[in-house]
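Given next are the chains, with one letter for each unit.
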Amino acid sequence: MPYLFGSLVVINAITLGYYLFLQQPSSTQTLKAAQDEITQPLAFINSAEYIPPVIGSK
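Procedures and definitions
Residue positions are given per chain, counting from 1 as you read along its sequence in written order. Under the rules for a predicted model, residues below a pLDDT of 70 receive no local features and side-chain atom pairs below 80 are neither given nor counted, while totals for whole chains, interfaces and linings still include all residues. Working from all heavy atoms in the structure, the side-chain values ignore hydrogens and water. Runs of H or I in DSSP of at least four residues are treated as helices and runs of E of at least two as strands, each being numbered from the N terminus. All radius of gyration figures rest on C-alpha atoms, and the globule criterion is 2.2 Å times the number of residues raised to 0.38. Partly exposed residues are those whose accessible area sits between 20% and 50% of the maximum for their type, while under 20% is buried and over 50% is exposed, using a 1.4 Å probe and protein chains only. Any pair of Phe, Tyr and Trp rings, taking the six-membered ring for Trp, is counted once the centres come within 6.5 Å. Such a pair is stacked with planes under 30 degrees apart, edge-to-face with planes over 60 apart, and tilted for the rest. The length a helix should cover is 1.5 Å for every residue beyond the first. Put simply, a patch holds well-exposed residues, over 30% relative accessible area, that have no salt bridge, with like charges counted together within 9 Å and Val, Leu, Ile, Met, Phe, Trp or Tyr side chains within 5 Å. Shrake-Rupley sampling with a 1.4 Å probe provides the accessible areas, and residues are treated as covered by the protein chains on show and by no other component. Salt bridges are defined as contacts in which a side-chain nitrogen from Lys or Arg sits within 4 Å of a carboxyl oxygen from Asp or Glu.

Engineer: Before we go on, may I ask you to explain the overall build of the protein chain in this structure?
Structural biologist: When helices and strands are counted, the protein chain shows 2 helices and 0 strands. On C-alpha atoms alone, the protein chain measures out to a radius of gyration of 27 Å, which is more than a quarter above the 10 Å that the 2.2 N^0.38 rule sets for 58 residues. In terms of overall dimensions, the protein chain has C-alpha extents of about 80 × 35 × 15 Å along its principal axes. Within the protein chain, buried positions represent 0% of all 58 residues.

What follows is the structure, encoded as structure tokens:
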């Protein structure tokens, strides 16, 4: 029984290492669209125009 558990741990470590370090993820169409959206410049809106005036005075 300990040999079975040990072998499962080793197989799990090998599989995890393969998927983390050796296999390169493939870019899907959704991922490419998201990356393109992130790199596009954002439209700037001056939000100071929408601030309400100060109420009262000191």
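Once the structure has been displayed, the description carries forward.
Engineer: How should the packing of aromatic side chains be read in this particular structure?
Structural biologist: For any pair of aromatic rings, the description rests on two quantities: the centre-to-centre distance and the angle between the ring planes. Across all of its chains, the model carries 1 aromatic pair by this definition. Centre to centre, the rings of Tyr18 and Tyr19 are 5.2 Å apart; their planes meet at 70°, and the pair counts as edge-to-face. Note on Tyr18: relative accessible area 40%, which makes it partly exposed.

Engineer: I tried to follow helix H1 (residues 2–22) on my own but got confused; where do I start?
Structural biologist: Structural remark: α-helix, 3.6 residues per turn; residues separated by three or four positions point the same way. Between its first and last C-alpha, H1 extends 29 Å over 21 residues, near the 30 Å set by a 1.5 Å rise per residue. Within H1, only 0 of the 21 residues are buried, which leaves the element largely exposed.

Engineer: Got a minute to help me understand a nonpolar patch on the surface in this structure?
Structural biologist: Judged by side-chain polarity, Leu16, Tyr18, Tyr19, Leu20, Phe21 and Leu22 come together as a nonpolar surface patch covering roughly 730 Å² of accessible area. As for its position among the elements, Leu20 is in helix H1.

Engineer: Sorry if this is basic, but what is going on with the environment of Gln29 here?
Structural biologist: Looking at the element boundaries, Gln29 is found in helix H2 (residues 29–39). Residue class for Gln29 comes out exposed when judged on its relative accessible area of 71%. Along the backbone, Gln29 and Leu42 are 13 residues apart, and their C-alpha atoms lie at a distance of 22 Å.

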